[in-house]
Amino acid sequence: MKQSITLTLLLLSLSIKAQIPALSSSDIFQGIKKLNVVGSVLHIAAHPDDENTLMLSYLSKDQMVITGYLSLTRGDGGQNLIGPEQGYNIGVIRTQELLGARKIDGAQQFFSRAYDFGFSKTLDETLNFWNRDKVLGDVVWMIRKFQPDVIITRFPPDPRAGHGHHQASAFLAEKAFQLSADANAYPDHLKFVKTWQAKRLVWNTFTPGFTNKAPAGEKNSFISIEIGGYNAVLGKSYTEIAAESRSQHRSQGFGSAPNRGTRIDYFLHKEGEAAQKDLFEGIDLSWKRVKGSDQVQSLVTSLIQSYSVNDPSASVPGLLKINQALNRLDSTNLYVKTKKEEVKNLIVQCLGLWFESNPMEFSSVAGDVAALNISVVKRSGYPVRLLSLRWTGKSSDSTLNLALDNNQANVFSIKTRLPESLKISQPYWLEKPLDKGSFQIDNQQDIGYPENRPETITRYVFEIDGQIFTFSRPWIYKYTNPAEGEIYRPFEIRPAVTTNITEPVFLFPTASPKIINVKVEAQKDKVTGKVSLVLPSGWKSVPQSADFDIAEKYKGQTFQFSVTPPVSNQEITITAIASMNGQTFDRSIRTIDYRHIPPQTIFPVSEARLARVNIKTTATRIGYIAGAGDDVPLALQQIGCQVTMLDVAELSKDLSVYDAIVVGVRAYNTEARLLHDQAKLMDYVKNGGTMVVQYTIPNNLKVKQIGPYFLQTGRDRISEEDAEMKFLVPDSPLLNYPNKITSKDFDGWIQERGLYFAQDWDKTKYKALLSGNDTGEMSKEGALLYAQYGKGHYIYTGLSFFRELPAGVTGAYRLFANLISVGKKQ
């Protein structure tokens, strides 16, 4: 059947908000000045928020070199102050936070395949977990692709860096500095990029030389640079820009106030040719480094001198001449390619030319018809013709040859059938399961990209003074929120149907069946089929499958499956699948939506952990004080607890109705209300209640004392998730009732044993129940403290229950059940 495509031209005298705000005249001038600087710098560190945003702002906006930040990980192992997301989910959030930061400080953002597996204390552990050769190859790849003149690390490659990931980022950068110029190293890269030798590698140290605990023989020279200057064109100092950039890391609580005034940074020489006074000594940052480009330098200089703040469009003829000059140069030269893109974008800005493509819905399915509005408006008197449009889909182009009138909006309404070959919008690094400590990325050319390269795009072809320019723009959905105005979100390609198991973990303390709910959601109209659970032998489901029939897109049906476990203990992973038209769909859907980042939708395999396990609890009514965000309340329901979230209103009521009160991670750091409620909580304990406090960081406490007696937390942790845990008080009820805790209960833990342990406490009042340590370190006893206070029980724990319980670690469940049950011993 031949596809029908309608193309309607609407001439509207209305204003249209741009997806990316148009640059101010000052920003355009800054961009023109940058055309005359031909150089680049690559900053390398381990995580989002490791980067020196002030240095990036200075390099990008003062030195005006092409500036990049390579974060080896996406911060997947970090904490989350804004919600419950952990693992690769928080990595998705932090990726977008970094992109938001780079829009402000002007640098480009890159990533390797390394996974942030949590705090590591040694370089060797990190490199082993990541797969040293692959991640080193990624750093070599980015150096060859980005071609930096100078590489700047944030950390030293030794224990002074603290975190093993920090050490590894510098170690790999120094290795890659040498290998990137060696054609025998990672030769497969050379199908796409060429070898590259940076001039030097320096370490952006914290103090002059940072000689504290320096390795023997380190006497390298360093230079100091004032990077806190004021940019009159932009109307901001680099410290102000940096603070705004750093404040994008909201999930980490890194909101920053700007410091105005002088800021000296230090750069210790590590590799290559040492600099005496300046980062770019011996590097020609002018067009002289590009053969045959003398005319470009003079044209840009002339354009800078003649620029009109009141009429940027007057610079278009000069930019067109620069574009012609660049077209005569070597098109394979990276600087030529980069500057051509900069010129194209400056032409768009000077013309006031704005264009975007907006689907009528925020998602579609490959093979379906999508409705789309393509909008173009030119807000200057300079003549421009829109020659043609081409969009993703079949029979998807239109020849127009349309002269664009000044400030006249042109909206083209089209319908197009999307190719069947379009992949779902799963982040490319999440398409396959983790391979130990790194993401499985098969396409070498994907390495470095912060997010997927868009597959649904529109190409716009313009003629400007006889020169032809083609621009590609991704489709992006927009809508109007009455409270916030116009909001954009990425356009998504979804599976035709998704299945979500409503909880990540199901525990079976007995052989009795449990109900597992599965929600089937249609991502297109009129979906019918069967949904079922994939169970191993010994597990039974009633029904074995269920029929779904959903008429309308985005609607869903929820089905109940009664699952019976085997008699013996067993832990499994199950999958919910939908069968439709001979196809099987096993993806769930999860949208991560916070105001400071664009909504991010991911499609994990629809799985849940099931465990037939011997677990008991005598506590049934639990009050929970939420902290920085975790899923412990949901986990407690799996062991039969009724959980009440203790907000301001609930805390004002009688607390004696609760068998135990649990305080969420970092609640004493984030909840100012606890200053008012602390005395009442201590009275609850004194009168016979049980209180379990999960980890608290030592800084920014909202109360003077988190326990009934002196207790100070610190930064001690056990980062090796398989570290041996020794029982200091084997007969303690917390280790024996109602579940007998053994070393087997510490098998299968993820990422770490715990963090922010108690550091100092009243030894006459608190009992330390566990000890453990990372390899080569002294034993730590602050992971689990118990004190009797009056008639009640107070417990502080740095054990990472907030990770282990949502991951279905059964031993963690058994131990936590004991903590909340200590006051209900029968």
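A quick note: this is a predicted structure, and the numbers were derived from the prediction, not measured. (Residues numbered from 1 in each chain as written. Predicted model: local features only at pLDDT ≥ 70, side-chain atom pairs only at ≥ 80, totals over all residues. Heavy atoms only, no water.)

Tell me what's going on with the overall build of the protein, and back it up with residues and numbers.
Looking only at helices and strands, the protein features 16 helices and 44 strands. Along the longest, intermediate and shortest principal axes, the C-alpha atoms of the protein span 90 × 75 × 55 Å. Out of the 826 residues belonging to the protein, those deemed buried represent 56%. Contacts spanning at least 24 positions in sequence make up 75% of the contacts within the protein whose residues lie at least 6 apart. Here the protein displays about 34600 Å² of accessible surface, and carbon together with sulfur accounts for 48% of that area. (Helix = DSSP H or I, 4+ residues; strand = E, 2+ residues; numbered from the N terminus. Buried < 20%, exposed > 50% of the residue type's maximum accessible area, 1.4 Å probe, protein only. Contact = heavy atoms within 4.5 Å. Areas by Shrake-Rupley, 256 points an atom, 1.4 Å probe, with all protein chains shown as cover.)

So, the sheet that holds strand E24 (residues 514-522): which residues are in play, and what are the values?
With respect to topology, four strands assemble into an open sheet ordered E22-E24-E28-E26, the strand pairing being antiparallel. At either margin of the open sheet sits one strand with a lone partner, and together these are strand E22 (497-501) and strand E26 (540-542). Within the sheet, the average angular offset between the axes of one strand and its neighbour, ignoring direction, is 30°. (Pairing = 2+ DSSP bridges. Axes fitted to C-alpha atoms, helices over the stretch in contact; angles between N-to-C directions.)

Give a description of the environment of Asn-407 that names residues and reports values.
Tracing the backbone shows Asn-407 in the loop between strand E15 (397-403) and strand E16 (409-417). Considered as a pair, Asn-407 and Arg-379 are 28 residues apart in the sequence and their alpha carbons are 4.5 Å apart. Not counting chain neighbours up to four residues away, the residues in contact with Asn-407 comprise Val-377, Lys-378 and Arg-379.

Tell me about the sheet that holds strand E4 (residues 108-111), and please be specific about residues and values.
Pairing in this open sheet of seven strands is mixed, and the strands run E4-E3-E2-E5-E6-E10-E7 from one edge to the other. If you trace the sheet from one side to the other, it starts and ends with E4 and strand E7 (222-226), each paired once. Geometrically, the sheet is characterised by an average inter-axis angle of 30° between neighbouring strands, direction not taken into account. As paired strands, strand E2 (residues 40-45) and strand E5 (residues 150-153) are joined by four bridges and run parallel to one another. Paired with Leu-42 across the two strands is Ile-151, which belongs to E5.

Tell me about the nonpolar core, and name the residues and values.
Residues Leu-172, Leu-319, Ile-322, Val-376, Phe-462 and Ile-464 are the most contacted members of the largest nonpolar core, which totals 97 residues. Here Leu-172 is in contact with Leu-72, Leu-127, Trp-130, Arg-132, Val-135, Leu-136 and Val-139, once residues within four sequence places are set aside. Formed by 79 residues, the second largest nonpolar core is a distinct cluster that contains Tyr-624, Ile-661, Leu-770 and Tyr-813. (Core = buried A, V, L, I, M, F, W, Y, C linked by side-chain atoms within 4.5 Å.)

Explain the pattern of salt bridges residue by residue, including any values.
Side chains that differ in charge, positive against negative, can pair when their charged atoms come close. Under the definition given, this model contains 36 salt bridges. Taking the shortest distance from any N to any O, the salt bridge between Asp-105 and Arg-102 comes out at 2.7 Å. Remark: Arg-102 and Asp-105 occur in helix H3 (residues 88-105); sequence separation between them is three residues, near one turn of the helix. For the pair Asp-105 and Arg-102, one class covers both residues: buried. Glu-671 serves as the salt-bridge partner of Arg-673, at 3.1 Å between the closest nitrogen and oxygen. (Salt bridge = Lys/Arg side-chain N within 4 Å of Asp/Glu carboxyl O.)

How would you summarise helix H7 (residues 238-246) if you had to cite specific residues and measurements?
When you tally the buried positions in H7, you get seven out of nine residues, the bulk of the element. For H7, the full list of buried residues reads Tyr-238, Thr-239, Glu-240, Ile-241, Ala-242, Ala-243 and Ser-245. Packing partners of the buried residues in H7 comprise helix H2 (53-61), H3, strand E8 (230-231) and strand E9 (236-237).

How would you explain the packing of helix H8 (residues 294-306) against helix H9 (residues 316-327) if you had to name every residue and give the values?
Following both chains from N to C, one finds H8 and H9 inclined at 170°, their axes separated by 9 Å at the closest point. Comparing the axis directions of H8 and H9 gives the class roughly antiparallel. Taken together, the residues of H9 that come into contact with H8 (itself represented by Gln-295, Val-296, Leu-299, Val-300 and Leu-303) are Gly-318, Leu-319, Lys-321, Ile-322, Ala-325 and Leu-326. Residue composition of the contact of H8 with H9, grouped by class: eight nonpolar, two polar and one charged. (Parallel < 35°, antiparallel > 145°, perpendicular 65-115°, else oblique. Nonpolar A, V, L, I, M, F, W, Y, C, P; charged D, E, K, R; others polar.)

Which residues make up the pairing of strand E17 (residues 457-464), and what values go with them?
Of all eight residues that make up E17, six are buried, and the element is covered over most of its length. Of the strand pairs in this sheet, strand E14 (residues 385-391) and E17 are connected by six bridges, and their pairing is antiparallel. Paired with Leu-386 across the bridge in E17 is Phe-462. Sheet analysis places E17 next to strand E18 (residues 467-474), joined by eight bridges and oriented antiparallel. Directly across from Tyr-460, in E18, lies its bridge partner Phe-471. What sits between E17 and E18 in their antiparallel hairpin is a turn of two residues, with Asp-465 showing a positive phi close to 50°.

Please provide a residue-by-residue account of the packing of aromatic side chains, values included.
A complete count under the given rule lists 27 aromatic pairs for this structure. Connected via pairs of aromatic rings, a cluster forms that spans Phe-727, Phe-746, Trp-749, Phe-801 and Phe-816. For Lys-344, the ring lying beneath its charged end belongs to Phe-471, and the centroid distance is 4.8 Å. Sitting over the ring of Phe-119, Arg-717 keeps its end group 4.3 Å from the ring centre. (Phe/Tyr/Trp six-rings, centres within 6.5 Å; stacked < 30°, edge-to-face > 60°. Lys NZ or Arg CZ within 6 Å of the ring centre and 35° of its normal.)

Residues and numbers for the confidence of the model for the protein, please.
The pLDDT averaged across the protein works out to 93; a share of 95% of its residues lies at or above 70. This stretch, residues 1-18, has a pLDDT under 50; its non-local contacts, to residues over four places away or in other chains, come to 48 contacts. (pLDDT = per-residue confidence, 0-100.)

Describe in detail the packing of H2 against H3, supporting the description with residues and values.
Taken N-terminus to C-terminus, the directions of H2 and H3 make an angle of 45°; their axes are 9 Å apart at the nearest point. Classified by the interaxial angle, the pair formed by H2 and H3 is oblique. Contacts between H2 and H3 pair Thr-53, Leu-56, Ser-57, Ser-60 and Lys-61 from the former with Arg-102, Ile-104 and Asp-105 from the latter. The residue inventory of the contact of H2 with H3, partitioned by class, reads two nonpolar, three polar and three charged.

Outline the side chain of Arg-144, supporting the account with residue identities and numerical values.
Relative to the elements of secondary structure, Arg-144 occurs in helix H5 (residues 132-146). This buried residue, Arg-144, is left without a salt bridge; Asp-182 holds the nearest opposite charge, at 6.2 Å. Within polar-contact distance, the side chain of Arg-144 engages the backbone oxygen of Asp-182 at 2.8 Å. A polar contact of 3.1 Å, which involves the side chain of Arg-144, links it to the backbone oxygen of Tyr-186. The residues touching Arg-144, leaving out its near neighbours within four places in the chain, are Leu-179, Ser-180, Asp-182, Ala-185, Tyr-186, His-189, Leu-190, Val-193, Lys-194, Thr-195 and Trp-196. (Lys, Arg positive; Asp, Glu negative; His and termini not counted. Polar contact = N/O pair within 3.5 Å; in protein donor to acceptor, adjacent residues only side chain to side chain.)

Give me the lowdown on unusual backbone geometry, citing residues and values where you can.
Across the junction of Val-542 and Pro-543, the peptide omega takes the value 0°, indicating a cis bond. With respect to the element layout, Pro-543 can be found in the loop between E26 and strand E27 (545-550). Positive phi, normally seen in glycine, also occurs at Asn-407, with a value near 60°. Even without being a glycine, Tyr-756 presents a positive backbone phi close to 50°. Position of Tyr-756 among the secondary structure elements: in the loop between strand E39 (725-727) and strand E40 (758-761).

If you had to explain the environment of Glu-503 to someone new, which residues and values would you point to?
By secondary structure assignment, the location of Glu-503 is in the loop between E22 and strand E23 (505-508). Separated by 303 residues in the primary sequence, Glu-503 and Pro-806 place their C-alpha atoms 9.2 Å from one another. In this view, Glu-503 contacts Ala-608, Leu-634 and Gln-638; residues no more than four positions away in its chain are not counted. Looking at Glu-503, its side chain comes within polar contact range of the side chain of Gln-638, at 2.5 Å.

Can you tell me about empty space enclosed by the protein, naming the residues and giving the values?
Counted under the stated rule, the structure contains three cavities of 30 Å³ or more. Forming the boundary of the largest cavity are 15 residues, of which Gln-79, Asn-80, Gln-86, Gly-629 and Phe-802 lie nearest the centre. Tallied by class, residues from the lining of the largest cavity come to six nonpolar, six polar and three charged. The volume enclosed by the second largest cavity comes to roughly 40 Å³. (1 Å grid on protein atoms, 1.4 Å probe; cavity = no way out; pocket = protein on both sides within 12 Å on 5 of 7 lines; lining within 4 Å. Points joined across faces, edges and corners; volume = space filled by probe spheres on them.)

Account for the side chain of Gln-248, with residues named and values stated.
Along the chain, Gln-248 falls in the loop between H7 and strand E10 (264-272). Look at Gln-248 and you get buried, because its relative accessible area is 14%. For Gln-248, the residues in contact, after removing those within four places along its chain, are Glu-97, Gly-100, Ala-101, Ile-104 and His-596.

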